[in-house]
Every structure is written in structure tokens, then in C-alpha cells.
Amino acid sequence: MRELPHPATEDIRLPEVMHALSDEVRLELVRRLAEGMEGNCTLLSGDIEIHKSTLSHHYRVLREAGVTRTRVDGRDRHIRLNRDALDDRFPGLLDSVLQALDA
């Protein structure tokens, strides 16, 4: 098992995080992850109807911004929310975004 490259907590920057959270599909993925859904890309996004390559792009944007972490196990990629790092860098930001999604 290995992890894909992620920014260190101190290297997570607000402009990249805000960009990652500026897309409806990525916001939906973040909402699902916040609800405790960790799993492979297919399970997490099974009913989102977009092309597989576009979905891969969304996962990459989230990971490179530091919003998620991805580990690779064989052919499977398991994604989880990088909540601790986001809360350390920008306290309350993720909670505010998630609350706004529920409104």
C-alpha cells in the first residue's frame, strides 16, 4: 500500500483549497467524505454521472489542494477527507462549508 503525493500541512494554501471547493462535483465528494464515506473512487462517486476522466481530475484537484488524502492498494484508490490538516491550517473553514451545503 502506498500514498499518492500530498502537500504537507504547512504547505496547504487557502487559494488552492478554495479553488478545490469551488466546484459542485468536488463539493459533493467532500460532503460524502465528511459523512464518513471512505472507500475507493467507484463507491464514493458511483451515482455521479460524469466521465471517468473528469472524475479523476476532480479527485486530483482535491488531493493536490490538500483537501483529501489518497492511498493506493493494488488497483484501488482509497480517499479520505484530510480534516485534521485542514482544521489545523484553517480552523472552522471545512465546518462552515459543510454547514452551507446542508442549508
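Residues numbered from 1 in each chain as written. Predicted model: local features only at pLDDT ≥ 70, side-chain atom pairs only at ≥ 80, totals over all residues. Heavy atoms only, no water.

If you check an unreviewed UniProt entry, the protein appears there as Helix-turn-helix domain-containing protein from Glycomyces tritici.

### Notes on the confidence of the model for the protein
Looking at the protein as a whole, the pLDDT averages 88, with 90% of positions reaching at least 70. Confidence scores differ between elements of the protein, with helix H3 (residues 41–44) showing the lowest mean pLDDT of 65 and helix H1 (residues 14–20) the highest of 97. (pLDDT = per-residue confidence, 0-100. Helix = DSSP H or I, 4+ residues; strand = E, 2+ residues; numbered from the N terminus.)

### Re the nonpolar core
Grouped together as the largest cluster of nonpolar side chains are 24 residues, with contacts concentrated most on Val17, Leu21, Leu29, Val30 and Val67. Among the elements of the structure, H1, helix H2 (24–34), helix H4 (52–65), strand E4 (76–81), helix H5 (83–89) and helix H6 (93–102) are those that each provide at least two residues to this core. (Core = buried A, V, L, I, M, F, W, Y, C linked by side-chain atoms within 4.5 Å. Buried < 20%, exposed > 50% of the residue type's maximum accessible area, 1.4 Å probe, protein only.)

### With respect to the pattern of salt bridges
Under the criterion given, the structure shown has 7 salt bridges. Glu28 is the partner of Arg31 in a salt bridge, and the nearest nitrogen-oxygen pair spans 2.3 Å. Note that Arg31 and Glu28 are positioned in helix H2 at a spacing of 3 residues, about one turn of the helix. Residue class for Arg31 comes out partly exposed when judged on its relative accessible area of 22%. Linked by salt bridges that have partners in common, Glu28, Arg31, Arg32 and Glu35 make up one network. (Salt bridge = Lys/Arg side-chain N within 4 Å of Asp/Glu carboxyl O.)

### Some thoughts on the packing of H2 against H4
Viewed as axis vectors pointing N to C, H2 and H4 meet at an angle of 65°, and their least axial separation amounts to 10 Å. Here H2 lies roughly perpendicular to H4, going by the angle between them. Crossing of H2 over H4 shows right-handed handedness. Listed contacts from H4 to Val25, Arg26, Leu29 and Val30 of H2 are Leu55, His57, His58, Tyr59, Val61 and Leu62. For the contact of H2 with H4, the residue count by class is 7 nonpolar, 2 polar and 1 charged. (Axes fitted to C-alpha atoms, helices over the stretch in contact; angles between N-to-C directions. Parallel < 35°, antiparallel > 145°, perpendicular 65-115°, else oblique. Left-handed = near helix turned anticlockwise from the far one by under 90°. Contact = heavy atoms within 4.5 Å. Nonpolar A, V, L, I, M, F, W, Y, C, P; charged D, E, K, R; others polar.)

### Remarks on the side chain of Thr70
Among the structural elements, Thr70 can be located in strand E3 (residues 68–73). With a relative accessible area of 5%, Thr70 lands in the buried category. Sequence-distant contacts of Thr70, defined by excluding residues within four places in its chain, comprise Arg2, Glu3, Leu4, His6, Arg63, Arg77, His78 and Ile79.

### Section: H2
Inspection of H2 places Val25, Arg26, Leu27, Leu29, Val30, Arg32 and Leu33 among the buried residues, and these make up the whole buried set. For H2, the capping residue at the N-terminal end is Asp23, with a side-chain oxygen 2.8 Å from the backbone nitrogen of Val25. In the stretch just after H2, Gly36 is the one whose phi turns positive, near 100°. (Polar contact = N/O pair within 3.5 Å; in protein donor to acceptor, adjacent residues only side chain to side chain.)

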